[in-house]
Amino acid sequence: FKTVCEEGSVTGAAKKLYMTQPAVSHVIHELEEELGTVLFDRISKKVFLNQTGKLLLKKTVRILELYEDLEKGVYDLEKQHHHIKLLAARGYETI
């Protein structure tokens with residue numbers, strides 16, 4: 001969905017995602033079915049976000065930012081945990 005918004009077309013999004021155009025169209029259609037609303041105004045081969053689509057994009061971007069923050073937090077914790085284990089192992093060796 002986000003890539004279709006960024007590219008302004010299903011075809012452009014398909015190329016960027018290394019997917020077929022019908023596969024991307026199918027995913028967008030399923031999303032619209034699940035939400036019970038149309039997200040894009042389709043004119044020729046271009047797609048334009050309608051008000052509902054703009055709301056969904058705003059929320060999608062926020063969710064993706066939170067997910068990236070979560071991944072970074074987990075990575076940082078794992079790195080810190082590994083560092084503590086390494087220090088403990090080195091301390092054990094000197095005893």
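Our structure's up above, just so we're on the same page.
The structure reproduced in this document is the subject of the present report. (Residues numbered from 1 in each chain as written. Predicted model: local features only at pLDDT ≥ 70, side-chain atom pairs only at ≥ 80, totals over all residues. Heavy atoms only, no water.)

Quick look at the overall build of the chain now. Helix and strand counts for the chain stand at four helices and two strands. Secondary structure of the chain in N-to-C order comes out as α-α-α-β-β-α. Its C-alpha atoms give the chain a radius of gyration of 22 Å, more than 25% over the compact-globule value 12 Å for 95 residues. Taken along the three principal axes of its C-alpha coordinates, the chain extends 75 × 25 × 20 Å. Within the chain, the proportion of its 95 residues that are buried is 19%. Within the chain, contacts between residues separated by at least 24 positions form 37% of all contacts whose residues are at least 6 apart in sequence. Summed over all atoms, the accessible surface of the chain reaches about 7700 Å², with 60% contributed by carbon and sulfur. Charge-centre separation for the chain: the mean point of 14 positive side chains lies 6 Å from the mean point of 14 negative side chains. (Helix = DSSP H or I, 4+ residues; strand = E, 2+ residues; numbered from the N terminus. Rg over C-alpha atoms; globule rule 2.2 N^0.38 Å. Buried < 20%, exposed > 50% of the residue type's maximum accessible area, 1.4 Å probe, protein only. Contact = heavy atoms within 4.5 Å. Areas by Shrake-Rupley, 256 points an atom, 1.4 Å probe, with all protein chains shown as cover. Lys, Arg positive; Asp, Glu negative; His and termini not counted. Charge placed at Lys NZ, Arg CZ, Asp CG, Glu CD.)

Look at helix α3 (residues 21-35): 21 Å from first C-alpha to last across 15 residues, which is about the 21 Å you get at 1.5 Å a residue. Along α3, the residues that are buried comprise Val24, Ile28 and Glu32. With its buried residues spanning 75 degrees around the axis, α3 presents them on a single face. Exposed and oriented more than 90 degrees from the buried face of α3 are Pro22, Glu33 and Glu34. (Expected span 1.5 Å × (residues − 1). Arc of directions from axis to C-beta.)

This part takes up the side chain of Ser9. By secondary structure assignment, the location of Ser9 is in the loop between α1 (2-7) and α2 (10-17). Take Ser9: its relative accessible area is 12%, and that puts it in the buried class. In contact with Ser9, not counting residues within four places along its chain, are Val4, Lys45 and Val47.

In this section: the pattern of salt bridges. Following the criterion strictly, the structure yields five salt bridges and no others. Across the pair Glu6 and Lys16 runs a salt bridge whose closest N-O atoms are separated by 3.8 Å. Taken together, the residues span a long stretch of sequence, with Glu6 in helix α1 and Lys16 in helix α2 at a distance of ten residues. Note on Glu6: relative accessible area 46%, which makes it partly exposed. We classify Lys16 as partly exposed; its relative accessible area is 48%. A salt bridge links Lys72 to Asp76; the nearest nitrogen and oxygen atoms lie 2.8 Å apart. One end of the pair is Lys72 and the other is Asp76, both in helix α4 (residues 51-94) and four residues apart, which spans about a single turn. With relative accessibility at 32%, the residue Asp76 sits in the partly exposed group. A single salt-bridge network, built from bridges that share partners, covers Lys2, Glu6, Glu7 and Lys16. (Salt bridge = Lys/Arg side-chain N within 4 Å of Asp/Glu carboxyl O.)

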